[in-house]
Each structure stands twice: as structure tokens, then as C-alpha cells.
Amino acid sequence: MPLPFALRWINLWLLDDGDGYVLIDSGLPDAPTRALWEQLLVGPMAGRRIKRLIVTHMHPDHVGLAGWLAERFSCPLLMSRLEYTTCRMLVGDSLRPAPAAAVEFYRRAGWDAPALEQYRTSFGEFGSNVAQLPESFQRLCEGDSLDIGGMPWRIVTGNGHSPEHACLWQETLGVLISGDQVLPRISSNVSVFPTEPEADPLSDWLRSCNRLAELIPADTLVLPAHNEPFVGVHARLEALVEGHERTMLRLLRRLSREECRAVDLFGAMFARSIGRELLHMATGETLAHLNCLMRRGAITRRPDSAGVYLYKSC
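Not measured: the values here are computed from a predicted model.

Novice: Quick question: what am I supposed to make of the overall build of the protein here?
Specialist: Per the secondary structure count, the protein includes ten helices and 13 strands. For the protein, the C-alpha radius of gyration of 20 Å lies close to 20 Å, the compact-globule estimate for 314 residues. The dimensions of the protein, computed from C-alpha atoms along their principal axes, are 65 × 45 × 30 Å. Across the 314 residues that make up the protein, the buried fraction comes to 51%. Taking contacts inside the protein between residues at least 6 apart in sequence as the whole, the part at least 24 apart equals 67%. When the accessible area of the protein is evaluated, it comes to approximately 14,300 Å², of which 54% is carbon and sulfur surface. Considering the protein, the positive charge centre built from 32 side chains and the negative charge centre built from 37 side chains are found 4 Å apart.

Novice: How should I be thinking about the packing of aromatic side chains in this particular structure?
Specialist: Aromatic ring pairs are described here by two measures, namely the spacing of the ring centres and the angle between the planes. Per the stated rule, a full pass over the model turns up seven aromatic pairs. Here the aromatic rings of Phe105 and Tyr106 are separated by 4.8 Å at their centres, their planes lie at 85 degrees, and the arrangement is edge-to-face. Pairing Phe266 with Phe270 gives two aromatic rings, centres 6.1 Å apart and planes at 55 degrees, and the pair type is tilted. Using a relative accessible area of 11% as the deciding quantity, one classes Phe266 as buried. Note on Phe270: relative accessible area 21%, which makes it partly exposed. Through pairs of rings, three or more aromatic residues link up here, namely Phe105, Tyr106, Trp111, Tyr119 and Phe123. A cation over an aromatic ring shows up here: Arg48 above the ring of Tyr21, its NZ or CZ 4.4 Å from the ring centre.

Novice: Would you explain a positive patch on the surface in this entry?
Specialist: A contiguous patch of positive charge, built from Arg246, Arg250, Arg253 and Arg257, is present on the exposed surface. Note that Arg257 resides in helix H8 (residues 233-257). Overall, the relative accessible area of 60% leaves Arg257 in the exposed class.

Novice: Just checking my understanding: could you explain the packing of helix H1 (residues 31-42) against helix H3 (residues 66-73) for this structure?
Specialist: The description of two packed helices rests on the angle between their axes and on the distance between the axes. Taken N-terminus to C-terminus, the directions of H1 and H3 make an angle of 30 degrees; their axes are 12 Å apart at the nearest point. Between H1 and H3, the angle falls in the class roughly parallel. When the axes of H1 and H3 are compared, the crossing they make is right-handed. Contacts from Arg34, Trp37, Glu38 and Leu41 of H1 reach H3 at Trp68, Leu69, Arg72 and Phe73.

Novice: Explain the sheet that holds strand S11 (residues 230-231) here, please?
Specialist: By way of backbone hydrogen bonds, the strands of a sheet pair with one another, either parallel or antiparallel. Spatially, six strands are ordered S6-S7-S8-S9-S10-S11 in an open sheet, and the strand pairing comes out mixed. In this open sheet, the two edge strands, each paired with only one partner strand, are strand S6 (145-148) and S11. Bridging between strand S7 (residues 151-158) and strand S8 (residues 165-170) involves five bridges; their strand directions are antiparallel. Among the inter-strand pairings, Val156 is bridged to a residue of S8, identified as Cys167.

Novice: Is there a simple way to explain the pattern of salt bridges in this structure?
Specialist: In a structure, side chains of opposite charge can pair up when their charged atoms sit close to one another. Under the criterion given, the structure shown has 21 salt bridges. Measuring nitrogen to oxygen at the nearest pair gives 3.2 Å for the salt bridge that ties Arg108 to Glu104. One end of the pair, Arg108, and the other, Glu104, are both in helix H5 (residues 100-108), four residues apart, so they sit about a helical turn from each other. Residue classification places Glu104 among the partly exposed residues on the basis of a relative accessible area of 26%. Here Glu228 and Arg185 are joined by a salt bridge, their closest N and O atoms 3.2 Å apart. Here Glu228, found in the loop between strand S10 (221-224) and S11, pairs with Arg185, found in the loop between strand S9 (175-179) and helix H7 (201-215); they are 43 residues apart in sequence, far enough to count as distant. The exposed category is assigned to Arg185, whose relative accessible area is 54%. Via salt bridges that share partners, Asp17, Asp19, Lys51 and Arg52 belong to a single interconnected network.

About the thresholds
Residues numbered from 1 in each chain as written. Predicted model: local features only at pLDDT ≥ 70, side-chain atom pairs only at ≥ 80, totals over all residues. Heavy atoms only, no water. Helix = DSSP H or I, 4+ residues; strand = E, 2+ residues; numbered from the N terminus. Rg over C-alpha atoms; globule rule 2.2 N^0.38 Å. Buried < 20%, exposed > 50% of the residue type's maximum accessible area, 1.4 Å probe, protein only. Contact = heavy atoms within 4.5 Å. Areas by Shrake-Rupley, 256 points an atom, 1.4 Å probe, with all protein chains shown as cover. Lys, Arg positive; Asp, Glu negative; His and termini not counted. Charge placed at Lys NZ, Arg CZ, Asp CG, Glu CD. Phe/Tyr/Trp six-rings, centres within 6.5 Å; stacked < 30°, edge-to-face > 60°. Lys NZ or Arg CZ within 6 Å of the ring centre and 35° of its normal. Patch = residues over 30% accessible without salt bridge, like charges linked within 9 Å, V, L, I, M, F, W, Y side chains within 5 Å. Salt bridge = Lys/Arg side-chain N within 4 Å of Asp/Glu carboxyl O. Axes fitted to C-alpha atoms, helices over the stretch in contact; angles between N-to-C directions. Parallel < 35°, antiparallel > 145°, perpendicular 65-115°, else oblique. Left-handed = near helix turned anticlockwise from the far one by under 90°. Pairing = 2+ DSSP bridges.

Rendered as C-alpha cells:
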């Protein structure tokens with residue numbers, strides 16, 4: 001399904017389940033995606049219904065059309081509890097102004113007045129990218145086994161990119177539907193957000209990568225949410241871990257020379273310039289690396305006279 005982002009598309013997966021399908025993820029609730037679904041429903045899928053809808057995690061390109069499809073087919077929505085409740089919480093933000101604590105969070109990271117005003121104006125836009133969710137769901141837990149097409153698919157969860165991301169693994173077929181937990185050519189965004197400013201999602205992410213490498217066989221076919229299917233999950237997971245470790249080394253080298261705000265460190269974090277449109281994601285990911293380094297005892301943080309945080313290596 002198409003995306004209006006640099007990624008260009010999201011991969012959705014239909015699993016044969018006898019007289020119907022199990023669908024993994026849904027796409028965005030925009031006109032191009034809805035039009036493609038209408039073509040599928042009267043074309044290749046004609047006569048067969050969606051029996052269950054599984055959403056790997058709560059980001060809008062994955063969950064955006066879940067409510068629309070679940071209503072259309074009267075099928076249950078399956079998600080992990082943290083993904084479902086977090087999604088409902090973020091949708092609820094569309095009904096209120098930006099919290100003062102959230103504005104202060106980004107001010108302490110070094111955002112200027114125009115950036116903070118833009119944040120206030122755009123706060124709550126998440127809800128506009130998610131069709132109304134069903135009022136109930138079926139919970140997916142780590143280690144659950146779902147019978148799909150007469151075969152057991154095991155739920156394997158990961159953390160860091162989202163709170164409780166669910167992958168599906170069929171060991172006999174040697175297939176892992178990985179969502180955003182393992183992508184072949186990019187690293188999923190790992191960010192700190194105002195709701196949990198002292199969180200350490202990068203450590204969660206690194207632990208999840210190492211655990212997946214221990215659990216999933218190296219010759220497994222990975223079906224990711226973005227880019228192409230691939231074989232070589234161990235090498236990819238190792239590369240993801242090493243990439244974040246190298247980024248933290250670059251931050252340490254920069255912070256050994258001078259104290260910096262989070263926004264001063266984009267050059268050490270990213271290979272591209274960061275404009276206003278990427279400021280939110282870039283800040284969240286930079287803070288994830290800084291919080292991880294603080295948790296490891298490698299850097300310290302102090303507020304300057306205006307309360308903006310300055311970071312320095314130990």
C-alpha cells in the first residue's frame with residue numbers, strides 16, 4: 001500500500017485461512033489506500049472475507065485502516081495490549097491542547113520558539129491518521145500460538161520502536177512476519193517522547209534485537225513491513241545493533257569536546273540535514289541515544305541558566 005513518505009509503501013500480508021484470510025496490518029486511512037482496498041475486495045479477494053485482522057503495532061501506517069476493515073468484515077482486531085491502549089491514548093490527544101509538560105520537554109531539548117509554536121499547532125494530529133478503532137480487541141501476548149491455515153504461528157514481541165510490537169513466526173515454513181521490528185535497509189525509529197522523558201527505549205531495542213537473533217534461525221525468510229523480503233536475519237540484527245553502538249560512539253566523541261544540547265547533536269546522529277519536517281523524529285531519536293548513554297554512566301546532563309539540558313561525556 002502507498003505511503004506519502006520517503007519509504008513510499010508498506011507491505012501488508014494476507015495469510016490463507018481456509019474460507020478466508022488473516023490480514024497483517026492495514027495501511028493508512030487515506031484515499032489512495034482505500035481505493036486499492038476496494039479494488040482488492042472486488043478483484044483478487046472476491047468471495048473470501050477477512051476473518052481476523054492482526055496489527056503489529058500502533059503506528060498509523062499499520063493500524064490506520066484497521067477500524068474500517070474490522071467494521072466492514074465484522075472481524076476481530078488482534079493487537080498486543082500496550083499497542084492497543086497506547087493507540088487509543090494518542091487518538092484521544094486530538095481533543096486537547098498540547099500539554100505544558102510536552103512543550104517544556106522539547107524546549108529543554110533546544111527547540112526554538114517557532115518550532116514550539118508549530119508543535120502546539122500540530123499537536124493531536126495522530127488521531128486524524130487512524131480510523132476509529134473497534135471498542136474491543138483480542139490481546140496478543142509473547143509466546144501465543146495462533147492457528148492460521150492449520151499451522152501454528154507464534155507471537156514474538158519486541159520493544160523500542162513501539163511499546164509491544166508483535167511479530168509472527170512460523171517455524172516449519174521458516175517465515176517471520178517482522179513488521180517494523182526487523183527491516184532490511186533502514187533502522188526503525190527509536191525515540192523518547194514527552195510522556196516518558198526519562199525512558200530508555202534504545203536499550204529495549206538492543207535487547208530485542210539480541211533476543212531475536214537467539215530465537216529466530218538464520219535461514220528464516222523475513223517478510224518486513226517496508227522494503228523487500230530477505231534472508232539473513234542474524235546479519236541484519238547484528239548490523240542494527242552495531243549501527244546504534246557506532247552512533248553512540250560518535251556522540252561520545254562530540255561530547256568529549258564540548259557540552260551540547262540535544263539539537264546540537266544532529267550532525268553526529270544523522271547523515272542528512274534535519275529540517276523542520278524531521279525535527280520531531282530527530283529529537284526523539286537523539287534523546288533515545290543520550291538517555292541510553294546516561295543509563296550506562298557514559299555522559300552527564302545539567303540544565304543551563306534557561307533550563308535547557310546540556311550533555312557532556314564523563
